[in-house]
Protein chains: 2
Amino acid sequence: MDTISVPDFREQSPLQLGILLYPHMTLLDLAGPQATLGFHSTTHLISDSLDPVLTDSGVSLLPTVTFETCPEDLDVLFVPGGFGTNRALQQENVLRFLAKAGKRARFVTSVCSGSVLLAAAGLLDGYKAATHWAVYEQLETFPGVTGVHERVVADRNRFTGGGVTAGIDFGLTLLAALRGEETAKMTQLMMEYDPKPPFNTGTPATAGPQLTAMAEAAMQVSLDEGLTIARDLTESRMQPLPAL
Amino acid sequence: MDTISVPDFREQSPLQLGILLYPHMTLLDLAGPQATLGFHSTTHLISDSLDPVLTDSGVSLLPTVTFETCPEDLDVLFVPGGFGTNRALQQENVLRFLAKAGKRARFVTSVCSGSVLLAAAGLLDGYKAATHWAVYEQLETFPGVTGVHERVVADRNRFTGGGVTAGIDFGLTLLAALRGEETAKMTQLMMEYDPKPPFNTGTPATAGPQLTAMAEAAMQVSLDEGLTIARDLTESRMQPLPAL
């Protein structure tokens, strides 16, 4: 047997899905949304070069386009989060690419701390947005962003999800907006998305103060760095990125 | 800032996590479990060569070891599923690797149709196992396997998950077995795993007959191929793989 039978759900015109890659991003932030949208899309994995990008749990991904060769008209610009967000915030070429691509994309989207990168690129000024529960303070450092503690936040063409696993809920919600509810419902069935979390500790409210303090302690250095970087960025410029 | 602050949860002795890669596997099948276990592990991505492996939604992964160079003593051998399972079933080097590695691994595990590969390698003879809702008939073609329609099935050291998104529930369950409940609960909090599916269509029972028929129709060629391949395999040998 020489072929592999993979169903092709792409209609005449597949969606152009552009996903930013950066070192120490979180693989699952990308994989959840990409699983929902990927069968309806051509996926462009975007980086500053075509070198492999190491994610924060040790798996490497291969970019397919660079900032220069990425298609200009994306249906969806998507930014995952992860521990590498802080470093990416300091990369002017990353923020410039996002600002430029975000102006043209039909939907400007993120999961987890990816919304912090969208905000730093000036793409959430005047918008409501979600992010990982631990980085709302960092997100709101940027002018004009209103953090909303929901699993998925849709504000006009900005769709943002909460932390990591929220990417599946986000992806199905966005797919429904792009391809209709029936397609999204069938995709949910194909992915057997009938979650049964083994514990009830998915948010600080359900996890309780002790577990939450442990999680915050484990992330403390990263959270502190993130706030410092975000404040430095907003203080160093009183307006969005110049001369794009 | 020259460093990225990624928390290191690995204890003195990180878990050795071996994940099989194969063409047209499902990225999310891998990413869910790897997100739960990865911060406590050294992840080995195993393939027949170090060439990039294309997943079924269009994202490529980079192997880190080959069948020959994979560490012998894995704490966890994990096999993801996907539309490429049928092709992988026909690759004798894949089945031989699994049979050999599965004999030594502390835990032999899968998500989605990955359990079909474990069964074909003789690793589920006498065990209960889960798989994607659409491939239980294929799974049970192999002698001695009892399919169980649950989200996560743990039978001695065999841990198997249902379709695709079940990998998160599976991963947290396995992490609890490996590192204790508190670690698993904190990981669930870090991943903000408090799912809010936008629809209630994650199983055939909740999706109803019409959506289920549509999903089955979309996968029909692959499902038919899978049954034929599995039957041919079991008929061509009356016992497990010879001379391992």
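Residues numbered from 1 in each chain as written. Chains lettered and ligands numbered in written order. Predicted model: local features only at pLDDT ≥ 70, side-chain atom pairs only at ≥ 80, totals over all residues. Heavy atoms only, no water.

> I'm lost on the nonpolar core in this one. Help?
A general tendency of soluble globular proteins is for nonpolar side chains to be buried together. Counting 163 residues, the largest nonpolar core has A:L98 and B:L98 as its most contacted members. Leaving out residues up to four positions away in the same chain, B:L98 has contacts with B:L20, B:L77, B:V79, B:L117, B:A121 and B:L123. (Core = buried A, V, L, I, M, F, W, Y, C linked by side-chain atoms within 4.5 Å. Buried < 20%, exposed > 50% of the residue type's maximum accessible area, 1.4 Å probe, protein only. Contact = heavy atoms within 4.5 Å.)

> What am I meant to see in the environment of B:L15 here?
All names here are of chain B. Summarising the element assignment, L15 is placed in strand β1 (residues 15-20). Look at L15 and you get buried, because its relative accessible area is 3%. When the C-alpha positions of L15 and T26 are compared, they lie 23 Å apart, and in sequence the two are 11 residues distant. Every residue in contact with L15, bar those within four places of it in the chain, is listed here: H40, S41, T42, D75, R106, L178 and R179. (Helix = DSSP H or I, 4+ residues; strand = E, 2+ residues; numbered from the N terminus.)

> Teacher, can you tell me more about the packing of aromatic side chains here?
What describes a pair of aromatic rings is the distance from one ring centre to the other and the angle between the planes of the rings. Residues and elements named next belong to chain A. A full pass over the atoms with the stated rule returns eight aromatic pairs over all chains. With 5.4 Å between their ring centres and 80 degrees between their planes, F107 and F159 make a pair best called edge-to-face. With F107 in strand β7 (residues 107-111) and F159 in strand β11 (residues 158-161), this pair connects stretches of sequence that are 52 residues apart. Both residues of the pair, F107 and F159, belong to the buried class. (Phe/Tyr/Trp six-rings, centres within 6.5 Å; stacked < 30°, edge-to-face > 60°.)

> I would appreciate a short explanation of the relation of the copies chain A and chain B in the present structure.
Relating one copy of the chain to the other requires a rotation about an axis plus a shift along that axis. In the superposition of chain A on chain B (RMSD 0.0 Å, axial shift 0.0 Å), the rotation amounts to 180 degrees. Both copies are brought into coincidence by an operation consistent with a two-fold rotation axis. Of every C-alpha in chain A, the one belonging to A:L61 sits nearest the axis of rotation, 2.6 Å from it. When the interface residues of chain A are mapped onto chain B, 100% of them again fall at the interface, so both copies present the same face. (Least-squares fit on C-alpha atoms with pLDDT ≥ 70 in both.)

> Looking at this structure, how should I read the interface of chain A and chain B?
Many structure descriptions define interface size as the accessible area lost when the parts assemble. Across the contact, 78 residues belong to chain A and 78 residues belong to chain B. Where chain A abuts chain B, roughly 7000 Å² becomes buried across the two surfaces, and 68% of that area is made up of carbon and sulfur atoms. Where chain A packs against chain B, one counts zero salt bridges. Counting across the interface, chain A meets chain B through 26 residue pairs in polar contact (both at pLDDT 80 or more). Where the side of chain A that touches chain B is concerned, the elements lending two or more residues are α1 (27-37), β2 (41-47), β4 (60-61), α6 (166-179), α7 (181-190) and α8 (204-236) of chain A. Ranked by residue count, the leading element in the side of chain A that touches chain B is α8(A), at 12 residues. For the side of chain A that touches chain B, the per-class residue count stands at 42 nonpolar, 24 polar and 12 charged. (Buried area = accessible area lost by both parts, 1.4 Å probe. Salt bridge = Lys/Arg side-chain N within 4 Å of Asp/Glu carboxyl O. Polar contact = N/O pair within 3.5 Å; in protein donor to acceptor, adjacent residues only side chain to side chain. Nonpolar A, V, L, I, M, F, W, Y, C, P; charged D, E, K, R; others polar.)

> Looking at this structure, I do not really get the sheet that holds strand β5 (residues 65-66) of chain B. What am I missing?
Residue and element names in this part refer to chain B. The mixed open sheet is built from seven strands, whose spatial order is β5-β2-β1-β6-β7-β11-β10. The open sheet has two free edges, formed respectively by β5 and β10 (152-155), since each of these has just one partner strand. Relative to strand β7 (residues 107-111), strand β6 (residues 76-79) is paired through four bridges, and the arrangement is parallel. Counted as the bridge partner of F78 is T109 from β7. Where helix α3 (residues 92-104) meets the sheet, its contacts fall on β1, β2 (41-47), β6 and β7, and the angle it forms with β6 comes to roughly 150 degrees. (Pairing = 2+ DSSP bridges. Axes fitted to C-alpha atoms, helices over the stretch in contact; angles between N-to-C directions.)

> It is not clear to me how the packing of α6(A) against α7(A) should be interpreted in this structure. Could you clarify?
What describes two packed helices is the angle between their axes and the distance between those same axes. Residues and elements named next belong to chain A. In the contact formed by α6 and α7, the axes pass within 7 Å of each other and the chain directions differ by 145 degrees. Seen from above, α6 lies across α7 with right-handed handedness. Residues L172, L175, A176 and R179 of α6 touch α7, and the partners they reach there are E181, T183, A184, T187 and Q188. Tallied by class, the residues present in the contact of α6 with α7 amount to four nonpolar, three polar and two charged. (Left-handed = near helix turned anticlockwise from the far one by under 90°.)

> What is the right way to look at the pattern of salt bridges in this model?
Pairs can form between side chains of opposite charge whenever their charged atoms are close. Residues and elements named next belong to chain A. Per the counting criterion, the structure on display carries 18 salt bridges over all chains. A salt bridge links K185 to E181; the shortest N-O distance between them is 3.6 Å. Within this pair, K185 and its partner E181 are both found in helix α7, separated by four residues, close to a single helical turn. Judged by relative accessible area, K185 falls into the partly exposed class, the value being 27%. By relative accessible area, which is 47% here, E181 ends up partly exposed.

> Can you walk me through the sheet that holds β7(A) in this structure?
What holds strands together in a sheet is hydrogen bonding between their backbones, with the strands either parallel or antiparallel. Residue and element names in this part refer to chain A. Taken together, seven strands build an open sheet; the order of strands is β5-β2-β1-β6-β7-β11-β10 and the sheet is mixed. Each end of this open sheet is capped by a strand with a single partner; those strands are β5 (65-66) and β10 (152-155). When strand β1 (residues 15-20) meets strand β6 (residues 76-79), the two strands line up parallel, connected through three bridges. Along β6, the bridge assignment pairs L17 with V76. Together, β1, β2, β6 and β7 form the strand contacts of helix α3 (residues 92-104), whose direction differs from that of β6 by roughly 150 degrees.

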